[in-house]
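# Close look at the chain arrangement
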Amino acid sequence: MPLATARIATTRPARYLKQLVSHMGHKATTALTPDGRGTITVASGTCTLTTTPDRLELTAAAADAESLARVQDVISRHLVRFAAQEELAVEWTAPIDGGELEPIAPAVDAYLLSHHTPADDVLGELAVATREATADAAHMQVSSDEGALLTMLTRLTTARFAVEVGVFTGYSTLCIARGLADGGRLLACDVSEEWTSIGRPYWERAGVADRIDLRIAPALETLRALDAEPVIDIAFIDADKDHYPAYYEEIVRRLRPGGLVVLDNVFLGGRVLDPAYQREDHLAVRRLNDLIAIDERVDSVMLPVRDGVTIARRR
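Everything numeric in this text was worked out from a predicted model, so none of it was measured.

## Some remarks on helix α2 (residues 65-82)
In a regular helix each residue adds 1.5 Å, so 18 residues correspond to 26 Å; α2 covers 26 Å between its end C-alpha atoms and thus fits that length. Against the buried residues of α2 lie β1 (3-9), α1 (13-24), β3 (38-42), β4 (45-52) and β5 (55-62). Taking the backbone nitrogen of Glu 66 as reference, a side-chain oxygen 3.2 Å away marks Asp 64 as the first, capping residue of α2.

As structure tokens, this is what we get:
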């Protein structure tokens, strides 16, 4: 349970943040962003610092409970030492497991789902068919609001060539295909004939089946066989997480200037925030999230939509 937070009431939150980052820079790795967020990384873990007008907010993370306690102790001691003019109460929450975080509270979730252009009958019936056919795996389908986002982004880019890595039962495929410009094509990559076959009748009903080129093969093979020229207008990655970095690289190098790559599940249920999770898919997505943030080829934003969505635009 390697995450804990503290909210410290103070009239000087920005001052304390800067003092901590500046002072601890002699014994730790520190960073201060232009928007005033701070990061302090010590041997045992990391603490991020943000401010509101009346408090300093800390989030500590480490690989295990013992390391977390050391991070909390060193940050608390240094912070209290700086508070010469007021008495600060540094009270940490009980440690929590990153996998138990809820990026969207149930009330917010319900509100979001009721305030976007509603899915039509074809999408609604495909969602029902997916739940009936795939049971516990149905969560792999994108939500209706994320589907609406994919259609909108595809239209905004006036995409004529789109790529999807990970089709499942074809809900997102249908959403992207609907957003394509006249004559547009979607290259849809998956390895399951069984699950993708569920979506085919709905693609036909929606009148977009002729825009979809479904390839049943390992996606990396399909991507690497594409022309090396930057011809992709928009791409959506929602497949096996171990290969996210490789999918991203093959796609970004083929994105036209102004083209988009959209990545789903970049939170992995909160596990990317929690250093205790060290499985290969956790490491791969965590590594890719860090890479995209500093990738000079793109401008990017990570959104707290569902399980986390990153949108990166080729410069």
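Having seen the model, we can carry on.
## So, empty space enclosed by the protein
The tally for this structure, following the rule as stated, stands at one cavity of 30 Å³ or more. The space that makes up the largest cavity amounts to roughly 40 Å³. What lines the largest cavity is simply Leu 150, Thr 154, Ala 162, Val 163, Ile 176, Ile 234, Ala 235, Phe 236 and Val 262. Residue assignment for the lining of the largest cavity shows that the elements contributing at least two residues are α5 (144-156), β6 (161-165) and β9 (232-237). No other element matches β9, which puts three residues into the lining of the largest cavity. A breakdown of the residues in the lining of the largest cavity according to their chemical character gives eight nonpolar, one polar and no charged.

## Some thoughts on the sheet that holds strand β7 (residues 185-190)
Strands sit in the order β8-β7-β6-β9-β10-β12-β11 across an open sheet of seven strands; the sheet is mixed. Each edge of the open sheet is held by one strand with a lone partner, namely β8 (212-216) and β11 (298-303). The average undirected angle you get between the axes of adjacent strands in this sheet is 15°. Here helix α9 (residues 244-252) sits on the sheet in contact with β6, β9, β10 (255-264), β11 and β12 (309-314), set at roughly 160° to β10.

What counts and how
- Numbers given to residues run from 1 along each chain, matching the order in which its sequence is written.
- The model is predicted, so local features are restricted to residues of pLDDT at least 70 and side-chain atom pairs to those at 80 or more, both for listing and for counting; the totals for chains, interfaces and linings are taken over all residues.
- Side-chain calculation: all heavy atoms of the structure are included, whereas hydrogens and water are not.
- Secondary structure follows DSSP: runs of H or I at least 4 residues long count as helices, runs of E at least 2 residues long count as strands, and numbering of each begins at the N terminus.
- Here the expected length of a helix is defined as 1.5 Å per residue gap, with one fewer gap than residues.
- Any two residues whose heavy atoms approach within 4.5 Å are treated as being in contact.
- In protein, a polar contact requires one atom able to donate a hydrogen and another able to accept it; more generally it is a pair of N or O atoms within 3.5 Å, and residues adjacent in sequence count only if both atoms are side-chain atoms.
- Throughout, the protein atoms alone are placed on a 1 Å grid, and a set of points is a cavity if a 1.4 Å probe fits but cannot get out or a pocket if it is open with protein on both sides within 12 Å along at least five of seven lines; lining residues have an atom within 4 Å of a point.
- Grid points are joined across faces, edges and corners, and a volume is the space filled by probe spheres set on the points.
- Under the scheme applied, nonpolar residues are Ala, Val, Leu, Ile, Met, Phe, Trp, Tyr, Cys and Pro; charged residues are Asp, Glu, Lys and Arg; polar residues are all the others, including Gly.
- Two strands are counted as paired when DSSP detects at least two bridges linking them.
- Every angle, taken between N-to-C directions, lies between 0 and 180 degrees, and every axis is a line fitted to C-alpha atoms, over only the stretch in contact when it is a helix.

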